[in-house]
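# Topology and contacts: notes
Given next are the chains, with one letter for each unit.
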Amino acid sequence: MAKNKIAMGINLRKNKNQQNAGFGKYYPEVDVKSTLSLKGFAQHLVDHGSTYGLETVEGVLKKITQCLPELLSQGVPVQLEPLGTFYPTAKSKKGVALSDMPDSKPEDLVKGIHIRFLPYSVTDEDLTSRRFMEDYCTLEFAYIIEARKVSMSNGKKRNVQDKTPYDTFMVDNFGSVPGNDDNTGGTTPPDDGPDNQPTDGD
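These notes cover the structure that comes with them.

Definitions and limits used
- Residues numbered from 1 in each chain as written.
- Predicted model: local features only at pLDDT ≥ 70, side-chain atom pairs only at ≥ 80, totals over all residues.
- Heavy atoms only, no water.
- Pairing = 2+ DSSP bridges.
- Helix = DSSP H or I, 4+ residues; strand = E, 2+ residues; numbered from the N terminus.
- Core = buried A, V, L, I, M, F, W, Y, C linked by side-chain atoms within 4.5 Å.
- Buried < 20%, exposed > 50% of the residue type's maximum accessible area, 1.4 Å probe, protein only.
- Contact = heavy atoms within 4.5 Å.
- 1 Å grid on protein atoms, 1.4 Å probe; cavity = no way out; pocket = protein on both sides within 12 Å on 5 of 7 lines; lining within 4 Å.
- Points joined across faces, edges and corners; volume = space filled by probe spheres on them.
- Nonpolar A, V, L, I, M, F, W, Y, C, P; charged D, E, K, R; others polar.
- Salt bridge = Lys/Arg side-chain N within 4 Å of Asp/Glu carboxyl O.
- Expected span 1.5 Å × (residues − 1).
- Arc of directions from axis to C-beta.

Let's shift gears to the pairing of strand S1 (residues 8-14). Bridge analysis of S1 against strand S6 (residues 139-151) gives five bridges, and the strand direction is parallel. Bridged to Ile10 within S6 is Phe141. Relative to strand S2 (residues 26-30), S1 is paired through five bridges, and the arrangement is antiparallel. Residue pairing for S2: Lys14 is matched across the bridge by Tyr26.

Turning our attention to the nonpolar core. Core analysis: the largest hydrophobic core is formed by six residues, namely Leu12, Ile144, Tyr166, Phe169, Met170 and Val177. If one sorts the elements of this core by residue count, helix H5 (residues 166-174) sits on top with three residues. Not counting the four nearest positions on each side in its chain, Tyr166 is found in contact with Phe141, Ala142, Tyr143, Ile144, Val177 and Pro178.

Further remarks concern the layout of surface pockets. In this model, the second largest pocket occupies a volume close to 470 Å³. Around the second largest pocket sit 13 residues that line it, and Phe41, Leu61, Ile64, Leu80 and Leu83 are the ones nearest its centre. Where the lining of the second largest pocket is concerned, the elements lending two or more residues are helix H1 (38-47) and helix H2 (54-73). Among the residues forming the lining of the second largest pocket, the class breakdown is 10 nonpolar, two polar and one charged.

Moving on to the pattern of salt bridges. A full pass over the atoms with the stated rule returns seven salt bridges. Notably, a salt bridge pairs Glu146 with Lys16, separated by 3.8 Å at the nearest N-O pair. Placement of the pair is Glu146 in strand S6 and Lys16 in the loop between S1 and S2, with a sequence separation of 130 residues. Judged by relative accessible area, which is 22%, Glu146 ranks as partly exposed. Connected via shared salt-bridge partners are Asp31, Lys33 and Lys163.

Residue pairs three or four apart in sequence face the same way in an α-helix, which turns once every 3.6 residues. Taking 1.5 Å of rise per residue, the 20 residues of H2 would be expected to cover 28 Å, and the 29 Å separating its terminal C-alpha atoms lies within 8% of that figure. Listed in full, the buried residues belonging to H2 are Val57, Glu58, Leu61, Leu68 and Leu72. The arc that holds every buried residue of H2, seen down its axis, measures 100°, which confines them to one face. Of the residues in H2, the exposed ones pointing more than 90 degrees away from the buried face are Glu55 and Ser73. Residues of H2 that are buried in the fold lie against H1, strand S3 (78-80), strand S4 (84-92) and strand S5 (110-119). Just past H2, the residue Gly75 takes up positive phi, approximately 80°.

Keep in mind that these numbers describe shape and distance, not what the molecule does.
Spelled out as structure tokens, the structure:
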């Protein structure tokens, strides 16, 4: 299986939890891009040599988005070979004692229903995490992420995250980029917004 020529960006996020054994270390996370819409995905399929037009492909995908939740809501897993299987699981709200079972309803015990996905794991079509990375992904460092708190005009504090391109960070801290013989800093990831990105939480 040939790997994708377009690399997946890997960010390194600094652990700032002083109670954690990994405090001060940097951990990898995927540099997630903008979400592709259903129509955009349909166009992607058409551009990859589909024998069907955009309207047909988009129509089939829309039908899948209608029928898949319907079957999952009935407790029916759906296997889409060779991707994997979609299946439902229950999120527990509380347990029930044997003596309380006659008076209990499912809604009293179930907080929510998750839609889960299990990658296909047949040898020739294995999409589990390590095999997917080995067969499909080309990885490269993208950004260094560090979170910090800033004071707002209302007196509250808000979390923001600083995104520094990996090459810039390496040159600033080590004088060069590993593996870059000319030491010019390499290729800076494309700008996808301000460096200071707000995160959830106050």
